Amino acid sequence: MRGGITLCYASDEERNDKAIVMAAVRQYGYALQYASDALRNDKAVVMTAVQKNGYALEYASNDLRSNKEVIVEAVKQAPTALKYALNGMNQDPDCLKAAGLFDEKYDTLTSNNAPRIVLSTKFSLDEKSSPYATKVA
């Protein structure tokens, strides 16, 4: 395979061949999107893809998008790939730490001096956003 992207032109048989898909995702993590469903559910293939490009997590099977080990590898490479995690794994402390979004020294109920900030993917200055979000901005 000359480049991982060429997997998009491969036959169904080639997209289901683990050796071909592994070669493709080693070069281009996003090639995972062209792999067969079976290989998108293969942990070794998905781990290779997300280590190359964390955003390839988007194309992993739902089971693997809920797998902590896979998510941690993805967010180490691309922290914002955490948005593709499923089943509450985007709130898992280990996944948040790997993404650089969680620090235990600030996660204590006894400290009133710890700075806090609220981040939201739906943050907006629109009049429909929460009063808190608009006031903070």
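Residues numbered from 1 in each chain as written. Predicted model: local features only at pLDDT ≥ 70, side-chain atom pairs only at ≥ 80, totals over all residues. Heavy atoms only, no water.

**Concerning the packing of aromatic side chains**
Geometry of an aromatic ring pair is reported as the spacing of the ring centres plus the angle between the planes. Note the following rule: Think of it this way: a Phe, Tyr or Trp ring, Trp meaning its six-membered ring, pairs with another when their centres are within 6.5 Å, and the plane angle makes it stacked under 30 degrees, edge-to-face over 60, tilted otherwise. Per-residue accessibility, obtained with a 1.4 Å probe over protein chains only, is compared with the maximum for each type, and a residue is labelled buried under 20%, exposed over 50%, and partly exposed between these values. Each helix is a run of DSSP H or I of at least 4 residues and each strand a run of E of at least 2, with the numbering of both proceeding from the N terminus.
Counted under the stated rule, the structure contains two aromatic pairs. Taken together, a centroid distance of 6.0 Å and an interplanar angle of 55 degrees make the contact between Tyr28 and Tyr30 tilted. Using a relative accessible area of 23% as the deciding quantity, one classes Tyr30 as partly exposed. When the ring of Tyr30 is compared with that of Tyr59, the centres are 6.0 Å apart and the planes differ by 75 degrees; the resulting orientation is edge-to-face. Pair noted here: Tyr30 is in the loop between helix 2 (18–27) and helix 3 (37–40) and Tyr59 is in the loop between helix 4 (43–52) and helix 5 (68–77), with a separation of 29 residues, a long-range link. Each residue in the set Tyr28, Tyr30 and Tyr59 is aromatic and connected to the rest through ring pairs, giving one cluster.

**Overview of the pattern of salt bridges**
Any two side chains of opposite charge can pair if their charged atoms end up close together. Threshold: Salt bridges are defined by distance alone: a side-chain nitrogen of Lys or Arg within 4 Å of a carboxyl oxygen of Asp or Glu.
Under the defined criterion, the tally for this structure stands at five salt bridges. Its salt-bridge partner being Lys68, residue Asp92 comes within 3.4 Å of it at the nearest N-O pair. Taken as a pair, Asp92 in the loop between helix 5 and helix 6 (93–98) and Lys68 in helix 5 lie far apart in primary sequence, 24 residues in all. The class of Lys68 is partly exposed, set by a relative accessible area of 34%. When the shortest N-O distance is used, the salt bridge between Lys68 and Asp94 registers 2.9 Å.

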